[in-house]
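Structural description and commentary
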Amino acid sequence: MDSNQSDRRRFLKQASATVAVGAAGFVAGAQLPAKAQQAESQPAGTDEHVHRVPPRRGARYSLDHMTHYTPLQDYAGIITPAPLHFMQQHSSEYPEIDPKEHRLTIHGLVDRPLVFSMDDLKRLPSVSRIHFVECHGNSSPAIHASRDPKMGLPVQFIHGMASTSEWAGVPLSVLLNEAGLKKNGTWLVLEGADAGKFSHTLPVGKALDDCFVAYGQNGEPLRVEQGFPIRLLVPGWEGPFNVKYLRHIKVVDEPYNTWNESMNHSVSRPDLGGKARWYHFQWAAKSVITRPSAGMEMRKGYVQITGLAWSGAGKVSKVEVSTDGGKNWREARLDGPVVPKAHTRFNYDWEWNGQEAMIQSRCIDETGDVQPSMAELAEHWGYTMADWQKPEKPRAIHMNAIQPWKINRDGSISDAMFA
Ligand SMILES: Nc1nc2c(c(=O)[nH]1)N[C@H]1C(S)=C(S)[C@@H](COP(=O)(O)O)O[C@H]1N2
Ligand SMILES: [Mo]
């Protein structure tokens, strides 16, 4: 039995455990394919500026993922250089798409089904916006335990499935208005042109608000890893909404629970007997100190603490830094433009006296949302801290807990999230 079949079988078994709980949600079985969590990585050295891994030639579509992590510690400002953008691909090869042949179709509950060529799209009114894209699985508790040296420094492999680019493209509202939404057209199903036809559901309200079909990334065409020739940008929402190699948009009247949504993107909760709640859409307030961070070395005296803060709800209004394990917090300087739903650079001047210390940052966004500690988050999600230490630790996505880095007396720095 090949892995496709066994995964399919597992899927059917789990699907049969699905129970409807009313219009707004469902509960699904807790066990997710372990394979879905496997990640492939690349060397992280600062000189290694190419982040492609060669596609595995001849590989059939399977559940294999390809993941590359952004070395957050290695660039300044807020824009991730395109070759360093993280990459999360649910099929084992990139689709090779001829942009001249590529078409985007909009159909379903519309007055006029439409087909757009790349040329058609580039004729239409455009926007360019700076936004982060962040995988829903970024910063997960499991990855803290990783010891694979190929994965780079901890800040990279723990938090590096988040990147920020200036994306350019056509507002989805322009395209949907052209097609004419029917009254009962309340959800979209978006489908990519990759082998697995990666698909995701999106409510029309968000689509009309600020989503766009992007063809540009930091002044260049999208990279193939980022969805060349077009992808959807869903600002502030979790990674999988941002469907790459976008090919079909079907307007429908209910959420579709596509395979990727139902199997990979719900969170099982011990306090619900291992069942999952409805999905999470928008990223909450989040930040991380990128430098100094675990694996680096401290020297006595002045050091600039720097990092990134962001929120799916809008702008970062404040970042606070603690150097004493969370007893005292002081405000950091926000450097450069503060853009809604984008990484914001923060800096903080510090003097290390050679003693043990714990440094961490917390983000407060314009809605007043305060980034929680790991203990607060665990409580909120129905876990205990001890649950994270168990071998069968719960699968957790949408992690935005404060990241503490411990500075040891010898100048070494370690990850203190679960220490
Ligand atoms: N077509 C397609 N779109 C996709 C995916 C995919 O595998 N195929 N992965 C999704 C997931 S899970 C994430 S986190 C983001 C990652 O975007 P990036 O690879 O450009 O960083 O793309 C989303 N869109
Ligand atoms: Mo993702």
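Conventions used here
Residues numbered from 1 in each chain as written. Chains lettered and ligands numbered in written order. Predicted model: local features only at pLDDT ≥ 70, side-chain atom pairs only at ≥ 80, totals over all residues. Heavy atoms only, no water. Buried < 20%, exposed > 50% of the residue type's maximum accessible area, 1.4 Å probe, protein only. Helix = DSSP H or I, 4+ residues; strand = E, 2+ residues; numbered from the N terminus. Pairing = 2+ DSSP bridges. Near = heavy atom within 4 Å. Polar contact = N/O pair within 3.5 Å; in protein donor to acceptor, adjacent residues only side chain to side chain. Areas by Shrake-Rupley, 256 points an atom, 1.4 Å probe, with all protein chains shown as cover. Nonpolar A, V, L, I, M, F, W, Y, C, P; charged D, E, K, R; others polar. Phe/Tyr/Trp six-rings, centres within 6.5 Å; stacked < 30°, edge-to-face > 60°. Lys NZ or Arg CZ within 6 Å of the ring centre and 35° of its normal. Contact = heavy atoms within 4.5 Å. Axes fitted to C-alpha atoms, helices over the stretch in contact; angles between N-to-C directions.

Time to look at the pairing of strand 17 (residues 286–291). Burial of strand 17 is extensive: 5 of the 6 residues sit out of reach of the surface. Across 5 bridges, the pairing between strand 17 and strand 18 (residues 301–310) is antiparallel. Bridge pairing in strand 18 links Val288 to Leu308.

Turning our attention to the site of ligand 1. Surveying the vicinity of ligand 1 reveals 19 residues, the closest of which are Phe86, His90, Asp194, Arg231 and Lys244. One nitrogen or oxygen atom from the main chain of His90 is found 2.7 Å from an oxygen atom belonging to ligand 1. For ligand 1, the accessible surface in isolation is 530 Å², of which the surrounding protein chains cover 100%. For the shell around ligand 1, the element with the highest residue contribution is strand 4 (residues 87–89), accounting for 3 residues. Classifying every residue of the shell around ligand 1 gives 7 nonpolar, 8 polar and 4 charged.

On to unusual backbone geometry, then. Along the chain, Phe228 connects to Pro229 via a cis peptide bond; the corresponding omega equals 5°. Of note, Pro229 is situated in the loop between strand 12 (220–221) and strand 13 (231–233). The phi torsion at Lys341 lies on the positive side, around 55°, for a residue other than glycine. Inspection of the secondary structure assignment puts Lys341 in the loop between strand 21 (333–335) and strand 22 (344–352).

Let's shift gears to the packing of aromatic side chains. Tallying each qualifying case throughout the model produces 4 aromatic pairs. Seen from their ring centres, Trp237 and Phe241 are 5.1 Å apart, and the 70° between their planes marks the pair as edge-to-face. For the pair Trp237 and Phe241, a shared accessibility class is recorded, and that class is buried. Lying over the aromatic face of Tyr215, Lys122 brings its terminal NZ or CZ to 5.3 Å of the ring centre.

With that settled, consider the environment of Pro340. By secondary structure assignment, the location of Pro340 is in the loop between strand 21 and strand 22. The class of Pro340 is partly exposed, set by a relative accessible area of 34%. Remark: the alpha-carbon pair of Pro340 and Ala313, spanning 27 residues in sequence, is separated by 7.7 Å. Pro340 has contacts with Ile130, His131, Gly314 and Lys315, leaving out every residue within four places of it along the chain.

If you trace the 4 strands from one edge of the open sheet to the other, you get 17-18-22-21, paired in antiparallel fashion. Edge positions in the sheet fall to strand 17 and strand 21, since each of these pairs with one other strand and no more. Taking each pair of neighbouring strands and ignoring which way they run, the sheet shows an average axis angle of 35°. Two elements, strand 21 and strand 22, share 3 bridges in a ladder whose sense is antiparallel. Each bridged residue has a counterpart across the sheet, and for Arg333 the counterpart in strand 22 is Asn347.

Once that is clear, we can look at the pairing of strand 23 (residues 357–365). With 7 of 9 residues buried, strand 23 lies mostly within the body of the structure. Here strand 19 (residues 316–322) runs beside strand 23; their pairing, made up of 6 bridges, is antiparallel. Bridging from a neighbouring strand, Val321 pairs with Ser361 of strand 23. Sheet analysis places strand 23 next to strand 24 (residues 405–407), joined by 3 bridges and oriented antiparallel. Note that in strand 24 the partner of Ile359 across the bridge is Trp405.

Before going further, it helps to spend a moment on the sheet that holds strand 10 (residues 199–203). Read from one edge of the open sheet, 5 strands run 6-5-14-9-10, paired in mixed fashion. Looking along the sheet, the strands with just one partner apiece sit at the ends: strand 6 (114–117) and strand 10. Looking at each pair of strands side by side, their axes are set apart by 20° on average, direction ignored. Bridge analysis of strand 5 (residues 103–108) against strand 14 (residues 246–252) gives 4 bridges, and the strand direction is parallel. Looking at strand 14, one finds that Ile106 is bridged to Ile249.

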